[in-house]
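Okay, here's what each chain looks like letter by letter:
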Amino acid sequence: MFDSIKNKDTFVHNVNPVTKIIAAAALFVIVVFTHNPNTLLYFVCIMAILLFTLSGIQWRYLCILLGVILVSGLLSSTYMILYGKGDTTLFKLGIIHVTEESFIRGIHITMRGVILSLFGALVIFTLKITDVFYALMIHFKIKSKYAYSFMAAINMIPLIFSEYVQLRRARKVRAPLIDKKRISGFKGLRMTIVTLMSQSIRRAYRLGIAMESKGFSDNQRTYYRQTTFSFNDIFFVITILIALLISSYLGINYPIFNTSDAR
Amino acid sequence: MKNSNVLTLTDVLITVVIALVFAVLYSLWDGVYTVLQPLGLHINELVYGMWFIAAIVAYLIIRKPGVALLAEFAAASGETIVLLQFDIVLIMYGLLQGLACEIIFLLYRYNSTKLYVAVLAGVAAALSTIPLDWYYGYLGHLETWNLMLMLIFRIISGAIVAGWLGHKLYEGVKGTGVLKYVGKKQSDSSDGF
């Protein structure tokens, strides 16, 4: 999927998709229970290094991505920076009240989002989405009706997109003839979604019947594609654990913020 | 006849496809949400309800156990596929919101397609992620008025954007006639309030 901007494959490409998803979930829990902003800051840096070295994507694309992640992370925590509780005032204007505590807390929340986005980017750059469902079926005995439905539905996304584009064009052509309300605003939105959905439901129904008759909903299947667990998975987990250990060590011993608790 | 409450492959496929239509919409909606964020006044919370709508619409169409959860999960992970951005936070939130809707629908035995059930589910979904937000976003350390603003906006949004709009969309799709063969077989005439 990213072949045109990819330099090389790394060992992460061979890690089982299920390992990556479980690692992401574990990371989420760890990040939510980390209250030391110093640790998180070091972890952001290490995550960025991991993304640049292990994703195998050309660096200029990664730089753009990094910029986007940082900006959207900052935007999502403005509420805390501007209106958080705190004693040491940095800036006050009307209802806006930036304090040192709220500022650090805001940055902390930003960093949480950034870490998870960076890891998410590493995962998505090294993942084949169909492999996720095969891995879930083979190793976790997810019923095949779920896995195949997802895989079939994913292949419909381009169709949904092109239908949407077609719909827009059709309405543009007819714009002078029909009521404006049906093009823009709420009615337009509703019409768009209803049209897209009814088309998709009809298509999904037909496909579903066809797949059922071919036995895709049975669970007794053998698989042409295989996914396996290997040493790569262990390396991957160990890498993340080491990253966590280094950042918590640095965070405790070489603090950058003058507080060790963002709360 | 088979147990009418068990999901067949067709049900699952329709649910996932509905969810993915919304995933495309969510990806566009993401822009709206981000643009509304900078003031920090939680205006973005007013559009937050859009993120529960997939569960509600899918339930109204199929009316079987597990559909709301599946739809929310598919919509959240669908954003991963559409935006090519794997966001574990999103998936966790999606699962919680789906679960909250599921509980409301369970209380009505997966039969009712009335408007107030959809609105209730929207409100439940809006409330469901607050504990997680509390930890993740340190909501307890926010000025009280700002916190109240956020909660009120979010509940309103859950009720109106997810519940009411979701029900409207369901009625719209039903009007096209494609639901004749879809979902639970028994017909019900409980579409009013």
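Quantities reported herein were computed from a predicted structural model and do not represent experimental measurements. (Residues numbered from 1 in each chain as written. Chains lettered and ligands numbered in written order. Predicted model: local features only at pLDDT ≥ 70, side-chain atom pairs only at ≥ 80, totals over all residues. Heavy atoms only, no water.)

This part takes up the pattern of salt bridges. Residue and element names in this part refer to chain A. The tally for this structure, following the rule as stated, stands at 4 salt bridges over all chains. For D9, the salt bridge identified is with K6, shortest N-O distance 3.1 Å. Exposure remark for K6: the relative accessible area of 24% places this residue in the partly exposed category. Residues E163 and R203 are paired through a salt bridge, measuring 2.5 Å at the closest nitrogen-oxygen approach. Taken as a pair, E163 in helix α8 (residues 157–174) and R203 in helix α9 (residues 185–213) lie far apart in primary sequence, 40 residues in all. (Salt bridge = Lys/Arg side-chain N within 4 Å of Asp/Glu carboxyl O. Buried < 20%, exposed > 50% of the residue type's maximum accessible area, 1.4 Å probe, protein only. Helix = DSSP H or I, 4+ residues; strand = E, 2+ residues; numbered from the N terminus.)

All right, on to the interface of chain B and chain A then. Each partner contributes to the interface: chain B provides 61 residues, whereas chain A provides 63 residues. Buried surface at the junction of chain B and chain A, summed over both partners, amounts to about 5800 Å²; 80% is from carbon and sulfur atoms. Here chain B is connected to chain A by 0 salt bridges. Between the two partners, chain B and chain A, sit 3 residue pairs in polar contact (both at pLDDT 80 or more). Residue composition of the side of chain B that touches chain A, by class: 44 nonpolar, 15 polar and 2 charged. (Contact = heavy atoms within 4.5 Å. Buried area = accessible area lost by both parts, 1.4 Å probe. Polar contact = N/O pair within 3.5 Å; in protein donor to acceptor, adjacent residues only side chain to side chain. Nonpolar A, V, L, I, M, F, W, Y, C, P; charged D, E, K, R; others polar.)

Quick look at the pairing of strand β2 (residues 96–99) of chain A now. Residues and elements named next belong to chain A. Taken together, the 4 bridges between strand β1 (residues 89–93) and β2 define a ladder with antiparallel strand orientation. When the bridges of β2 are listed, L93 appears paired with I96. Two successive antiparallel strands, β1 and β2, enclose a turn made up of 2 residues, where G94 displays a positive phi of approximately 60 degrees. (Pairing = 2+ DSSP bridges.)

All names here are of chain A. Although it is not a glycine, K141 sits at a positive phi angle of roughly 55 degrees. Tracing the backbone shows K141 in the loop between α6 (129–140) and α7 (144–154). Exposure remark for K141: the relative accessible area of 64% places this residue in the exposed category.

What follows covers the confidence of the model for chain A. Here chain A averages 86 in pLDDT, while 99% of its residues score no lower than 70. The weakest mean pLDDT in chain A belongs to β1 of chain A at 77; the strongest belongs to helix α10 (residues 231–253) of chain A at 93. (pLDDT = per-residue confidence, 0-100.)

This next bit is on the state of the cysteines. Throughout the structure, instances matching the rule amount to 0 disulfides over all chains. C45 of chain A forms no disulfide, and the closest cysteine sulfur to it belongs to C63 of chain A, at a distance of 14 Å. (Disulfide = S-S within 2.5 Å.)

Let us now look at the environment of A74 of chain B. As for its placement among the helices and strands, A74 of chain B is situated in helix α3 (residues 67–83). By relative accessible area, which is 1% here, A74 of chain B ends up buried. In contact with A74 of chain B, not counting residues within four places along its chain, are F150 of chain A together with V16, A19 and L20 of chain B.

A few words on a nonpolar patch on the surface. There is a patch of nonpolar side chains on the surface, built from F186 of chain A together with I43, L46, M148, I152, I156, I160 and W164 of chain B and spanning about 670 Å² of accessible area. A total of 5 residues in the nonpolar patch trace back to one element, the largest contributor, which is helix α7 (residues 144–176) of chain B. For I160 of chain B, the position within the fold is in helix α7. (Patch = residues over 30% accessible without salt bridge, like charges linked within 9 Å, V, L, I, M, F, W, Y side chains within 5 Å. Areas by Shrake-Rupley, 256 points an atom, 1.4 Å probe, with all protein chains shown as cover.)

The subject of this paragraph is the nonpolar core. Looking at soluble globular proteins, one finds that nonpolar side chains tend to be buried together. Counting 135 residues, the largest nonpolar core has F119 and I201 of chain A together with F22, M50, I61 and F105 of chain B as the members making the most contacts within it. It is helix α1 (residues 9–35) of chain B that provides the largest number of residues to this core, a total of 17 residues. With residues up to four places along the chain from it excluded, the contact list for F22 of chain B reads I193 and M197 of chain A together with I53, A54, V57 and L169 of chain B. Counting residues in each nonpolar core, the second largest holds 9 residues, with M80 of chain A together with Y138, L142 and L147 of chain B among its members. (Core = buried A, V, L, I, M, F, W, Y, C linked by side-chain atoms within 4.5 Å.)

Moving on: the environment of G188 of chain A. Residue and element names in this part refer to chain A. Assignment of secondary structure puts G188 in helix α9. Classification of G188 by relative accessible area gives buried; the value is 2%. Considered as a pair, G188 and R171 are 17 residues apart in the sequence and their alpha carbons are 9.8 Å apart.

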